[in-house]
Each structure stands twice: as C-alpha cells, then as structure tokens.
Amino acid sequence: MEGSRPQEFEVDIGGAISAPEAFGASFDVAPTAEALELGEGLEGDPALAFRRTLGMFATGVTVLTTRVGEQVHGMTANAFMSVSLQPPLVLISIDRRARMGALLHQGTRFGVSVLEARQTGLSDRFAGRAAEEPPEAAFEVVHETPLVEGALAHLVAQVVRSYWGGDHSLFLGQVEFARYGEGRPLLFHGGRYERLVSDPRVFSLLPRELLEPIVALGEEREYADGEPIMRIGEPGRELLLVLEGTVRVERPGLSLTLGPGELIGEIEVLDPGGGRIADIHAVGRVRCQAVSRDALLAALEADPRAAVALIEVLAARFRETA
Ligand code: FAD
C-alpha cells in the first residue's frame, strides 16, 4: 500500500528505558518504490536479483507457532532477529499473504522454535513445500504457546508492536520464555539448507590398515611444553599424529585437547593454500609423527585403496551438508 500510513500499534511494556524508544516508528507517508540499481553482472529480473542478494545472508531457520483456540498454526521463517536484551525483544517479518500474519495481533503470543540441523523436513512442512510424507510435528505447550519438539532453542514472545514492512509486516515480540539445548542448527543460505560441519576428521576415518602405512612415511618430532605446533593462517603442509603427550587446539568458538593416536591438521594438508584453521600448542612434552603433504600424496598414489577410501570420506561429508 504505497503512500499510505503504516499500520502500527503499541502497548505499554513497562520498565524504564533511557534511550529514545524508536526512530522513524511513525512515518506519515510510507516510502515510495524506487528503481533498484543492480551491480555489474546482475542482469535480468531486479526482484530476483534482489532476492538472491539477500539470500547471501546466512541465517538459521525457525518455525513460528501460535494457537488459535485449540488449533496450532505453524510457519517456517528465517526473518527472525534478536532486538533487545533489556527488555528482551525479538522481531519477525511476515509476508502479508501468509496466514500467520492475520493471526498475530497486539498481545498474541507466538513461539519461535530454532530448528536443529536434521529438521529440514519440518522446515519444508511448515513452509508448505510439498513432500510425499512430511514428518509429523509434535508440539509442547509452554505459556499457552505451542513449541516444536526437538528444536535447538525455544522462545515464547508476546506481540507488543507491529510495523509496516512493505509486502511484509514486522512484529516485535517481548520474550517471556527462553531455553536452548545442545546440538547444531539448521542453516539457510543462497536459497538452500546448509549445516555446520564441525567434525574436522578426514584421515582419522580411514581404516587402520590404510592409515598406518601413510603415517609410517613421516618423521618423528618433539615439542616442549607450550611450544606452538601450528598457528592460524600458516600453510598446512603437514599432517601430524600425536604419539605422546597432549596438545591444545584453539580457534574462535572451539577449544579442545587431543592426545595420543589423534591426528591434527587433517583438512589443511589437503588444501595447503587455505592455511591452518587453529592454533595448536604442546601441553607438556609432546612427541608427534609429521607426514609431509608430498609423502602423503605419494602414499595415496602407491595405494589407490587409500585414495578411494579418502574420497568416500569426503563424499559422506558433502552428503551431510546437502
Ligand atoms: P500455510 O501456508 O497455510 O501453512 C504453512 C504450512 O504449515 C502448511 O503446509 C500447513 O499444512 C503446515 N501447518 C501449519 N500448521 C500446522 C500444524 N499445526 N501441524 C502440521 N502442519 C501445519 N515467509 C515469511 O513470511 N517470512 C519468513 O521469514 C519466511 N522465511 C522462510 C524461510 C524458509 C527457509 C522457508 C522455506 C520459507 C520461508 N517463508 C517465510 C515462507 C513461508 O514459510 C511460507 O510462505 C508459509 O507457507 C507461510 O505460511 P502461512 O502462515 O501462510 O500458512
């Protein structure tokens, strides 16, 4: 509705907030549609190019739920964001054509279930994407609000404001319940589902009889307590097997200790140009067997069974993210 006054309502959410409550919350005139300029190389339908550009922003996937009498209505949404910690606020953006939008009013409670990596079927179900046998959704009710069982995190919020958002409506929700569990999130990027692959093992998954001859081509090395073994960004020209002692692996969001029999630098040795992805230090005296990339490639050439097994491990990894 170009040019019309945005639909807006608000309720007193209580509590003192010192900063201005909002900027531009009330436009007298909604912005008019301007021609969208596309960057070089983006020809064709501007709306599609805009959509694809937005799709470069990776998000999680949620199922929004609300109760209508005894009925539950759910809808998949990735336009979800955190807004404020005090008071706790979140925002969702809903297509004006979606049934969900018509069900949300001032004071309505809605649930946000942050989907877990394996819940693609539920995401499709609540997006109305046809599947022959979509998985059944089970709900638990918290604060009179249905939440999807098995999700990674749950929030219950009450609509406190709504804003005009072009062909979408924005609903600001004050959060009254929050919890999260262990697991990995389902991601959405470039119009498709993605997953985080946090398992860096590749060579470690090879059968012992194939791995041992490869490692045997390496040379032994010793590190003193605290000595760096690998640094983030360095080229990954070697694969190391810890023979004795422990090593500390650290990178943003990850910190772990590895011991005898475990391999380090498995991914980077296959992609030495990409650089090391973690800092690794010796904890106490450490002995390692270091296998150079050249020795490793020679071993794979010498025993094609090892090369095939490696390809199978990598293929399984791709399947995990497909
Ligand atoms: P419907 O289309 O009527 O319902 C959605 C589906 O959920 C239907 O298949 C329905 O059968 C099923 N369903 C509803 N309730 C239940 C229940 N109780 N039990 C079992 N099944 C039920 N749209 C947006 O507006 N904003 C977004 O941020 C957004 N993000 C998206 C992200 C992804 C990854 C995807 C795939 C879609 C997204 N969509 C988004 C599109 C949106 O999910 C669909 O347009 C959806 O169909 C709109 O739902 P609706 O409220 O109109 O209800």
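Reading the values: the criteria
Residues numbered from 1 in each chain as written. Predicted model: local features only at pLDDT ≥ 70, side-chain atom pairs only at ≥ 80, totals over all residues. Heavy atoms only, no water. Helix = DSSP H or I, 4+ residues; strand = E, 2+ residues; numbered from the N terminus. Buried < 20%, exposed > 50% of the residue type's maximum accessible area, 1.4 Å probe, protein only. Contact = heavy atoms within 4.5 Å. Areas by Shrake-Rupley, 256 points an atom, 1.4 Å probe, with all protein chains shown as cover. Near = heavy atom within 4 Å. Polar contact = N/O pair within 3.5 Å; in protein donor to acceptor, adjacent residues only side chain to side chain. 1 Å grid on protein atoms, 1.4 Å probe; cavity = no way out; pocket = protein on both sides within 12 Å on 5 of 7 lines; lining within 4 Å. Sits in = over half its atoms within 2 Å of the grid points. Nonpolar A, V, L, I, M, F, W, Y, C, P; charged D, E, K, R; others polar. Pairing = 2+ DSSP bridges.

Undergrad: What should I look at first to understand the overall build of the protein chain in this one?
TA: Counting its secondary structure elements, the protein chain contains 6 helices and 19 strands. Evaluated residue by residue, the protein chain yields a buried proportion of 36% over its 322 residues. A fraction of 69% describes how many contacts in the protein chain between residues 6 or more apart in sequence connect residues 24 or more apart. Just so you have it, the protein chain exposes about 19000 Å², and 54% of that area is on carbon and sulfur atoms.

Undergrad: It is not clear to me how the site of the ligand should be interpreted in this structure. Could you clarify?
TA: What surrounds the ligand is a group of 22 residues, the closest being His73, Thr76, Asp95, Arg99 and Met100. At 3.0 Å, a backbone N or O of Ser93 approaches a nitrogen atom of the ligand. Between the ligand and the protein, one listed contact pairs an oxygen atom with a backbone N or O atom of Met100 at 2.9 Å. Contact with the protein chains covers 74% of the free accessible surface of the ligand, which is 970 Å². Given that more than half its atoms are within 2 Å of the pocket grid, the ligand belongs to the largest pocket. Broken down by secondary-structure element, the contributors of at least two residues to the shell around the ligand are β4 (71–77), β6 (89–95), α2 (99–103) and α3 (120–126). Top contributing element to the shell around the ligand by residue count: β4, with 6 residues. A class-by-class count of the residues in the shell around the ligand yields 11 nonpolar, 7 polar and 4 charged.

Undergrad: Can you help me understand the sheet that holds strand β13 (residues 192–195) in this one?
TA: Across a sheet, paired strands are connected by hydrogen bonds in the backbone, their directions being either parallel or antiparallel. Strand order in the open sheet made by the 3 strands is β2-β12-β13, with antiparallel pairing throughout. For this open sheet the edge positions go to β2 (59–60) and β13, each flanked by a neighbour on one side alone. As paired elements, β2 and strand β12 (residues 186–189) share 2 bridges and run antiparallel to each other. Across the sheet, residue Gly60 finds its bridge partner in β12, namely Leu187.

These figures capture arrangement, not role.
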